[in-house]
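Understanding the architecture of this molecule
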Amino acid sequence: ADAALEEAVVEVLDHRPLERDRAPGCQVTAEPVGSCATLVTERIAQGPPGVLDRPTAALLHGTILLDCVNLSPAAGKVTPRDVACVSLLEARFPELPARDTIFEALQAAKFDVSGLTTEQMLRKDLKVLSGDELLLAISAIYVDLETFLSRPGLLQDLDAFCQARGYAGLVAMMISFNERNEPSRQLAVYSRCETLQSAVCQALEEATAPSLHLQPLPSPWSCVSTYAQGNALASRKKVLPILRAAL
């Protein structure tokens, strides 16, 4: 829908490998850091003085802390560059809120799905992969699997969500954190196409780069396969290439 804007893009900053080539003349920076805001902070810090003001610093600071789970190594996201940028921002603006304070407030808001419909939950943090004439949706879900499966009318909502958007299937990636900021992950694979569901499940179960260490869980419907994900450090960013290869 936004393909017409392609020629207007002059530069891309991203913290994951790009899925496609950009137009000639478009500068691309794709670096493996925990937060894309880290790349933005580095760029601004190298630029002319005065660009980095307090409101901008607060936005960058909070985003890096949220993306990198308060710089917790246990979450498997933070890199030394993320830590360096947070320290730089705090050094320049000592009045920024304490890390724990801002992280806990942002994390609570991010995981607050009270009042959201299932459609809104699925759309809140959504990626879409395209394969041979099909689309596969991947949604990050901020409740545990048991809570998600117990939502009234869930199967009908999954049907309606995919049918309305032309998705052949959907992978819901549940994530939660304990008090030590260690992640816990579960997966649900939905499709009314048995062949696609089987192919996606097989790809996830047999993946080695990384291995997800999946354990099947009981599901109330045959069109929804559910798993506990033993490798809790395998985020959606690491699972997307597995799913892309399966398509």
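Residues numbered from 1 in each chain as written. Predicted model: local features only at pLDDT ≥ 70, side-chain atom pairs only at ≥ 80, totals over all residues. Heavy atoms only, no water.

A short note on the overall build of the protein chain
- On a plain count of helices and strands, the protein chain comes out with nine helices and eight strands.
- Whereas a compact globule of 247 residues would reach a radius of gyration of roughly 18 Å, the protein chain reaches 20 Å, a difference of no more than 12%.
- Across its three principal directions, the C-alpha atoms of the protein chain cover 60 × 45 × 35 Å.
- Going through the 247 residues of the protein chain one by one, you find that 40% of them count as buried.
- For the protein chain, restricting intrachain contacts to residue pairs at least 6 apart in sequence, the fraction spanning at least 24 positions comes to 62%.
- When the accessible area of the protein chain is evaluated, it comes to approximately 12,900 Å², of which 54% is carbon and sulfur surface. (Helix = DSSP H or I, 4+ residues; strand = E, 2+ residues; numbered from the N terminus. Rg over C-alpha atoms; globule rule 2.2 N^0.38 Å. Buried < 20%, exposed > 50% of the residue type's maximum accessible area, 1.4 Å probe, protein only. Contact = heavy atoms within 4.5 Å. Areas by Shrake-Rupley, 256 points an atom, 1.4 Å probe, with all protein chains shown as cover.)

Some words on unusual backbone geometry
- Of note, the amide linkage connecting Ala 209 to Pro 210 takes the cis form, showing an omega dihedral of 0°.
- As for its position among the elements, Pro 210 is in the loop between helix H8 (194-206) and strand E7 (214-217).
- Even without being a glycine, Val 69 presents a positive backbone phi close to 50°.
- Backbone geometry at His 213 places phi at a positive 55°, although glycine is not the residue there.

Description of the sheet that holds strand E4 (residues 135-141)
- The sheet built from six strands is open, its strands ordered E3-E4-E5-E6-E8-E7 with mixed pairing. Looking at strand neighbours, the two that pair on one side only are strand E3 (126-130) and E7, the edges of this open sheet. Taking the axes of each pair of neighbouring strands and ignoring which way they run, one obtains an average angle of 25° across the sheet.
- Across six bridges, strand E6 (residues 183-190) lies against strand E8 (residues 224-229) in antiparallel orientation. The residue of E8 that forms the bridge with Tyr 190 is Val 224. (Pairing = 2+ DSSP bridges. Axes fitted to C-alpha atoms, helices over the stretch in contact; angles between N-to-C directions.)

Some remarks on the confidence of the model for the protein chain
- This prediction gives the protein chain a mean pLDDT of 93; 99% of its residues lie at or above 70.
- Per-element confidence in the protein chain ranges from a low mean pLDDT of 86 for strand E2 (residues 27-30) to a high of 98 for E8. (pLDDT = per-residue confidence, 0-100.)

Structural notes on the pairing of strand E1 (residues 11-14)
- Side-chain alternation along E1 places Val 12 and Asp 14 on a buried face and Glu 11 and Leu 13 on a face that remains uncovered.
- Alignment of E1 against E2, held across four bridges, turns out to be parallel. Bridging across to E2, Val 12 finds its partner in Val 28.

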